[in-house]
Number of protein chains: 2
Amino acid sequence: MAKIDLTRDAIVERALAIADAETLDAVTIRRLGQEFGVTPMALYWHVKNKDELLDAMGDALFADLSYDVGPDAPWDEQLAAVVRALIAALRRHPGSRELAYRRVMVSRDGLAVAEHTLRLLREAGFTRRQTADIATHALQTAIMLVSSEPGSEPGYSADETAARLAEKRAGIERLPVDDYPYVREMAPDMFACDDPEGFYEFNVHLFVAGARVTLAELQTAQAPA
Amino acid sequence: MAKIDLTRDAIVERALAIADAETLDAVTIRRLGQEFGVTPMALYWHVKNKDELLDAMGDALFADLSYDVGPDAPWDEQLAAVVRALIAALRRHPGSRELAYRRVMVSRDGLAVAEHTLRLLREAGFTRRQTADIATHALQTAIMLVSSEPGSEPGYSADETAARLAEKRAGIERLPVDDYPYVREMAPDMFACDDPEGFYEFNVHLFVAGARVTLAELQTAQAPA
DNA sequence: ACCTGAACACCGTTCAAGT
DNA sequence: ACCTGAACACCGTTCAAGT
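In short, a report on the structure. Since this is a predicted model, take the numbers as computed values, not measurements.

Reading the values: the criteria
Counting starts from 1 at the beginning of each chain's written sequence and moves along it residue by residue. Lettering for chains starts from A, numbering for ligands starts from 1, and both go in the order in which the items are written. Only residues with pLDDT of at least 70 are given local features in this predicted model, and only at 80 or more are side-chain atom pairs given and counted; all residues enter the totals for whole chains, interfaces and linings. Think of the side-chain values as coming from all heavy atoms in the structure, minus any hydrogens and water. Think of it this way: one heavy atom of a residue within 4 Å of a molecule or strand is enough to make that residue near it. For this analysis, a polar contact is any N or O atom pair within 3.5 Å, provided that within protein one partner can donate a hydrogen and the other can accept it, and provided that sequence-adjacent residues contribute only side-chain to side-chain pairs. Three categories are distinguished: nonpolar for Ala, Val, Leu, Ile, Met, Phe, Trp, Tyr, Cys and Pro, charged for Asp, Glu, Lys and Arg, and polar for the others, with Gly belonging to the last. Interaxial angles span 0 to 180 degrees and are taken between N-to-C directions of axes, which are lines fitted to C-alpha atoms, for helices over the stretch in contact. Runs of H or I in DSSP of at least four residues are treated as helices and runs of E of at least two as strands, each being numbered from the N terminus. The scheme is simple: roughly parallel for angles under 35 degrees, roughly antiparallel for over 145, roughly perpendicular for 65 to 115, oblique for anything else. Two helices that cross are described as forming a left-handed crossing if the nearer one is turned anticlockwise from the farther one by less than a right angle, and a right-handed crossing if clockwise. The contact definition used throughout considers only heavy atoms, calling two residues in contact when any of these lie within 4.5 Å. What makes a patch is a set of residues exposed beyond 30% relative accessible area and free of salt bridges, joined within 9 Å when like-charged and within 5 Å when nonpolar (Val, Leu, Ile, Met, Phe, Trp, Tyr). Methods summary: accessible areas were calculated by the Shrake-Rupley approach with a probe of 1.4 Å, and residue burial reflects only the protein chains presented. For salt bridges, the criterion is a side-chain nitrogen of Lys or Arg within 4 Å of an Asp or Glu carboxyl oxygen. Positive charges are assigned to Lys and Arg, negative charges to Asp and Glu, while His and the chain termini are left out of the count. Lys charges are placed at NZ, Arg charges at CZ, Asp charges at CG and Glu charges at CD. Throughout this description, buried means an accessible area under 20% of the type-specific maximum (1.4 Å probe, protein chains only), exposed means over 50%, and partly exposed covers the range between. Superposing the copies works by least squares over the C-alpha atoms of residues that have pLDDT at least 70 in both of them. Summed over both partners, the accessible area (1.4 Å probe) lost when two parts come together is defined as the buried area.

1. Re the protein's contact with DNA strand D
In the neighbourhood of DNA strand D, 14 residues make up the surrounding shell, with T39, M41 and H46 of chain A together with R30 and K50 of chain B lying closest. At the protein interface, 54% of the atoms of DNA strand D within 4 Å belong to sugar or phosphate. In the environment of DNA strand D, a phosphate oxygen lies 2.8 Å from a nitrogen or oxygen atom belonging to the side chain of T39 of chain A. Its residues placed into classes, the surface near DNA strand D shows 8 nonpolar, 4 polar and 2 charged.

Encoded structure:
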């Protein structure tokens, strides 16, 4: 039974758990109060308001990132490591993944990945603008992959997800065969994924390959042999 | 003054406008009723519930896509055209961009792009799994780029965005110079963008380049000369 | 066919008050 | 220092009733 007492950390942890089990919409001040056996207003002692709670949840996403493969590794491997680390972190709290945006350039751990990523791209030879774009893109890619792992319906609980997916599949079944041959053929792959690790690895590869080629193009343009 | 009468289309249009001007959270049944000079309950005659309204808004995002560069164009150009078309469409209604996920494989226009994209990838030589992944990734990339155009704070109104950005910049100013040299150097590029078209083009290029290289790797692996 | 009134079960938040 | 009671301005939704 061990009642957990109301602290800021406990609140954030509980909030993350609710978001994962249900939805981000399901984490409300009132609900949290209820779960701690306390009135809603009690939370306001520990947290300024809901927005600050969401910020704190966002900060938690960046905890325990391990992206350091050493400064001697090629930059593209370093970049891949960053994206993998972000994906791993976000998969721990998929329900709160979108909160990562707002805290990368703010929280301590967020700034640490940012610094690391910006450095490796800059030293690889990208311009300032490109470095900013790719670094942003890296985080976005991670969020997006966790959002789009086939079979996930962003913003819905487990039950609703199942219902909506079933409806989508049924809708596609009803489609005229001649007009949508590829949609029909690919539907199973669009709605399910028996190998999530493979899904993530393929997409990380795609992302890093894009950056690699782009840099190569840049350098041959600048210094044609 | 010309009062617009309450129809399903008018409601959806108004909802999209509110989301763009403010936030998706700002579109509520009650608010819409108010704007049409009608009680909230009146909307339920035209729309089953809020979820259906959001679905309808999502459908609208896929209207007027022009991604057809002809079947003779190389597949990578066709893919670039799809991503550009999606970006253009989402930029018309940035406030509702996330609603695109749920309707790609459902709405008529969504299914049309899906069919087109799946076909071009499949014919280019990707496996079924890869085709599904890249097609999903294409939409996600578009959504994500519109979300992350430097200087945008997803989920906040214009005023709030300005406030949060200012706070972020100030936070970075306060950072120890020695610990975060790259974050400090790159901050202007992370928080603003004087050339959005360039931003989008660079990232589309990155995405397509990744796909191109990945396919090339695949083919040399399958058929080593 | 289309809209309203009244009601219910929810939100976040403030502020004075309790211990 | 930490929590509560009462209150306010919001949500989505149902359902019987009006025209």
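2. Quick word on the protein's contact with DNA strand C
For DNA strand C, the set of nearby residues contains 14 residues, the closest of which are R30 and K50 of chain A together with T39, M41 and H46 of chain B. Near the protein, within 4 Å, the atoms of DNA strand C are sugar or phosphate in 55% of cases. Between a phosphate oxygen of DNA strand C and a main-chain N or O atom of I29 of chain A, the distance comes to 3.0 Å. Between a phosphate oxygen of DNA strand C and a side-chain N or O atom of T39 of chain B, the distance comes to 2.8 Å. Residues belonging to the surface near DNA strand C are distributed by class as follows: 8 nonpolar, 4 polar and 2 charged.

3. Focus on the packing of helix α7 (residues 128–148) of chain A against helix α6 (residues 128–148) of chain B
α6 of chain B packs onto α7 of chain A with a crossing angle of 130° between their chain directions and a minimal axis gap of 10 Å. Considering their axes alone, α7 of chain A and α6 of chain B lie oblique with respect to each other. For the pair α7 of chain A and α6 of chain B, the crossing hand works out as right-handed. Here α7 of chain A contributes T136, H137, Q140, T141, M144, L145, S147 and S148 of chain A to the contact with α6 of chain B, which in turn contributes T136, H137, Q140, T141, M144, L145, S147 and S148 of chain B.

4. Quick notes on a negative patch on the surface
A cluster of acidic residues, D25 and E98 of chain A together with D25 and E98 of chain B, forms a negative patch on the protein surface. One can find E98 of chain B in the loop between α4 (75–92) and α5 (108–124). Exposure remark for E98 of chain B: the relative accessible area of 40% places this residue in the partly exposed category.

5. Quick word on the relation of the copies chain A and chain B
For these two chains of identical sequence, chain A goes onto chain B by a turn of 180° and a shift of 0.0 Å along the axis, with RMSD 0.0 Å. These values place the two chain copies in the arrangement generated by a two-fold rotation axis. Measuring from the rotation axis to each C-alpha of chain A, the shortest distance belongs to G210 of chain A, at 1.8 Å. Both copies contact each other with a shared surface, as 100% of the interface residues of chain A are interface residues in chain B too.

6. Considerations on the pattern of salt bridges
As enumerated under the stated definition, the model contains 42 salt bridges over all chains in all. Between E22 of chain A and R31 of chain A there is a salt bridge, with its nearest N and O atoms 2.7 Å apart. Taking the relative accessible area as the measure of exposure, R31 of chain A reaches 22% and is therefore partly exposed. A salt bridge links D133 of chain A to R129 of chain A, with the shortest nitrogen-to-oxygen separation between them at 3.0 Å. Here R129 of chain A and D133 of chain A lie together in helix α7, a separation of 4 residues that amounts to about one turn. For D133 of chain A, a relative accessible area of 3% gives the class buried. Judged by relative accessible area, which is 23%, R129 of chain A ranks as partly exposed. Taken together, the shared-partner salt bridges in this structure form one network comprising E153, R164 and K168 of chain A together with D51, D55, D59, R102 and R103 of chain B.

7. Things to note about the interface of chain A and chain B
Accessible area lost on assembly of the parts is the figure often given for the size of an interface. Contacts between the two partners involve 62 residues from chain A and, on the opposite side, 62 residues from chain B. Here chain A packs against chain B, burying approximately 5500 Å² in sum over the two surfaces, 64% of which is carbon and sulfur. The tally of links from chain A across to chain B stands at 12 salt bridges. A salt bridge links D51 of chain A to R164 of chain B; the shortest N-O distance between them is 3.0 Å. Connecting chain A to chain B are 26 residue pairs in polar contact (both at pLDDT 80 or more). If you list the elements that add at least two residues to the side of chain A that touches chain B, you get α4 (50–61), α6 (108–124), α7, α8 (158–173), α9 (181–191) and α10 (196–222) of chain A. In terms of residues, the side of chain A that touches chain B owes the most to one element, α7 of chain A, which gives 15 residues. The residue makeup of the side of chain A that touches chain B, split by class, is 32 nonpolar, 12 polar and 18 charged.

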